[in-house]
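Fold and contact review
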Amino acid sequence: MHTTFLYKSDPERGRQWAEVFRRREPAIDFRIWPDIGDPAQVRFLAAWEPPADLSARFPRLEVLFSSGAGVDQFDFAALPPQLPVVRMVEPGIVGGMVEYVTHAVLGLHRDMPRYRRQQAEGVWQPLPVRPAGQRRVGVLGLGSLGQAVLAQLVGLGFDCAGWSRSRHAVDGVKCHAGADELPGFLARTDILVCLLPLTDSTRAFLDARLFSMLPKGAGLVQVGRGPQLVDADLLSALDSGQISEAVLDVTDPEPLPAAHAFWRHPNIQLTPHIASMTQPLSAAEAVLDNLRRFEAGEPMVGLVDRSRGY
Ligand code: NDP
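The residue numbers shown here count from 1 along each chain, following its written sequence. In keeping with the predicted nature of the model, local features appear solely for residues at pLDDT of at least 70, side-chain atom pairs appear and are counted solely at 80 or more, and the whole-chain, interface and lining totals rest on all residues. In computing side-chain properties, one takes all heavy atoms of the structure into account and sets aside hydrogens as well as water.

1. A closer look at the overall build of the chain
In plain terms, the rule: Labels follow the DSSP assignment, with helices taken as runs of H or I lasting at least four residues and strands as runs of E lasting at least two, numbered in each case from the N terminus. Computation of the radius of gyration draws on C-alpha atoms, with the globule rule given as 2.2 Å multiplied by the number of residues to the power 0.38. Each residue is placed in one exposure class: buried if its accessible area under a 1.4 Å probe, protein chains only, is under 20% of its type's maximum, exposed if it is over 50%, and partly exposed if it falls in between. Whether two residues are in contact is decided by their heavy atoms, any of which lying within 4.5 Å being enough.
Of regular secondary structure, the chain possesses nine helices and 12 strands. For 310 residues, the compact-globule estimate of 2.2 N^0.38 gives 19 Å, and the C-alpha radius of gyration of the chain, at 21 Å, lies within 12% of that figure. Overall, the chain is about 70 × 40 × 35 Å in size when its C-alpha atoms are taken along their principal axes. For the chain, the proportion of its 310 residues judged to be buried stands at 48%. Considering only intrachain contacts with a sequence separation of at least 6, the fraction spanning at least 24 residues in the chain is 61%.

2. Focus: the confidence of the model for the chain
Do not read the predicted coordinates in detail wherever pLDDT is low. Keep this limit in mind: The predictor's confidence in any single residue is recorded as pLDDT, a number from 0 to 100.
For the chain, per-residue confidence averages 97 on the pLDDT scale, and residues scoring 70 or more make up 100% of the total. Confidence estimates for the predicted assembly give a pTM of 0.97 and an ipTM of 0.99.

3. Re the packing of aromatic side chains
Each pair of aromatic rings is reported with the distance of its centres and the angle of its planes. Note the following rule: Only Phe, Tyr and Trp rings take part, Trp by its six-membered ring, and two of them pair if their centres are within 6.5 Å. Stacked means planes under 30 degrees apart, edge-to-face means over 60, and tilted covers everything else. Cation placement over rings: the criterion is NZ of Lys or CZ of Arg within 6 Å of the ring centroid and within 35° of the ring normal.
Considering all chains together, one arrives at 11 aromatic pairs under this definition. Judged by centre distance (5.6 Å) and plane angle (10 degrees), the ring pair of Phe-5 and Phe-30 falls under stacked. Of this pair, Phe-5 sits in strand β1 (residues 4–8) while Phe-30 sits in strand β2 (residues 29–32); the two residues are 25 residues apart in sequence, bridging distant segments of the chain. A single burial state applies to Phe-5 and to Phe-30, both of which are buried. Members of the aromatic cluster, joined through ring pairs, are Phe-5, Tyr-7, Trp-17, Phe-21, Phe-30, Phe-44, Phe-65 and Phe-294. Across the ring face of Trp-33, the terminal group of Lys-8 is positioned such that the distance to the ring centre comes to 5.4 Å. We note Arg-308 situated over the ring of Tyr-310; from NZ or CZ to the ring centre the distance is 4.1 Å.

4. Section: helix α8 (residues 231–240)
For clarity, the cut-off: As used here, the arc belongs to the directions running from the helix axis to the C-beta atoms.
When we look at burial in α8, the residues that qualify are Asp-231, Leu-234, Ala-237 and Leu-238. Buried positions in α8, seen along its axis, are confined to an arc of 125 degrees and lie on one side of it. Looking at the residues trailing α8, positive phi occurs at Gly-241, about 85 degrees.

5. Concerning the environment of Gly-133
For Gly-133, the location among the structural elements is in the loop between α4 (112–120) and β6 (136–140). By relative accessible area, which is 46% here, Gly-133 ends up partly exposed. Along the primary structure Gly-133 and Leu-64 are separated by 69 residues, whereas in three dimensions their C-alpha atoms are 43 Å apart. If we ignore the near neighbours within four places in the chain, the residues touching Gly-133 are Gly-157 and Asp-159.

6. Quick notes on the pairing of β6
Let me state the cut-off plainly: Two strands are said to pair when DSSP picks up at least two bridges between them. Handedness of a crossover is defined as follows: with both strands directed away from the viewer, a clockwise route from the first strand across the helix to the second makes it right-handed.
Among the five residues in β6, four count as buried, and that is most of the element. Strand direction decides the pairing type here: β6 and strand β7 (residues 159–164), joined by five bridges, are parallel. Residue Val-139 lies in a different strand from β7, and its bridge partner there is Gly-162. What joins β6 to β7 is helix α5 (residues 144–155), and the crossover it makes is right-handed. Pairing of β6 with strand β9 (residues 191–194) involves four bridges; the strand directions are parallel. Its bridge partner being in β9, Gly-138 is matched across the sheet by Leu-192.

Structure, rendered in structure tokens:
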């Protein structure tokens with residue numbers, strides 16, 4: 001059976017995917033949008049923004065792969081209802097996120113934002129040094145990224161906890177699950193890392209009420225998605241000292257408008273959504289592994305539960 005795999009995302013990265021497909025699965029006709037060939041042959045699509053009218057355009061489409069870790073950019077209501085949707089789970093994304101969050105947590109743990117401000121003011125003032133074992137880090141989201149980040153932080157000796165919808169067991173991590181266990185998790189968290197997907201239930205999740213349940217002076221590392229954070233509530237929490245410092249990799253909107261208060265806030269470190277990125281070579285390998293599973297009737301890694309939105 002002729003199989004076209006259509007890629008619709010950054011074409012430069014697409015050429016790297018094409019190399020991997022040519023080497024590993026030469027029988028698959030790998031095409032980069034807009035060179036779609038015969039639309040009736042397209043069985044698989046990898047996209048960040050899929051084209052409209054998928055079922056009319058590609059009547060044999062069998063799987064939609066997100067070219068990134070999230071799927072919140074998809075309008076599920078506009079997708080064919082039975083079409084399996086798969087998010088990107090690949091070692092490149094994981095590695096980048098582990099680096100970014102570890103850097104952010106270590107920076108907060110060792111008071112680096114404060115030393116930057118002291119340097120700007122010509123102040124030589126050592127602060128007490130707390131061992132990692134006395135710093136409680138809490139990660140919201142125990143998925144592929146949350147668990148990988150926690151493995152690294154546990155290795156560094158931090159006192160780690162995690163929170164997710166369903167119960168997990170993670171080595172060295174105090175695992176909390178569900179709304180009932182959220183207050184207890186927050187009450188023991190000095191540095192909060194958000195690695196939740198954006199869904200209806202996580203939109204505006206990082207708000208004044210949640211901040212008030214953290215110990216005073218907690219730090220925040222937000223690497224999930226911008227709309228999870230209520231900007232005004234973060235600014236108030238920073239003003240009152242409830243939150244001491246925030247590291248934000250994602251904002252709403254992106255890029256952040258020039259006049260937005262986050263740009264110049266002394267207690268906010270901002271990066272332009274670079275915590276981690278899909279790495280084309282390892283992503284193509286991961287998708288090929290999933291194609292093999294799909295053809296063998298096995299469950300694909302990263303298959304999205306459309307009723308949950310992630
Ligand atoms: P996963 O789907 O593997 O994990 C999501 C985790 O969040 C799961 O543990 C899930 O719980 C938990 N969760 C989801 N909804 C809720 C809820 N309402 N209440 C409690 N827990 C919830 O995702 P990944 O780890 O692969 O990625 C997480 C997110 O990271 C992505 O969706 C994306 O938004 C963000 N990201 C950001 C990047 C950046 O550069 N800034 C790059 C890559 C990803 P359960 O285990 O019970 O299902």
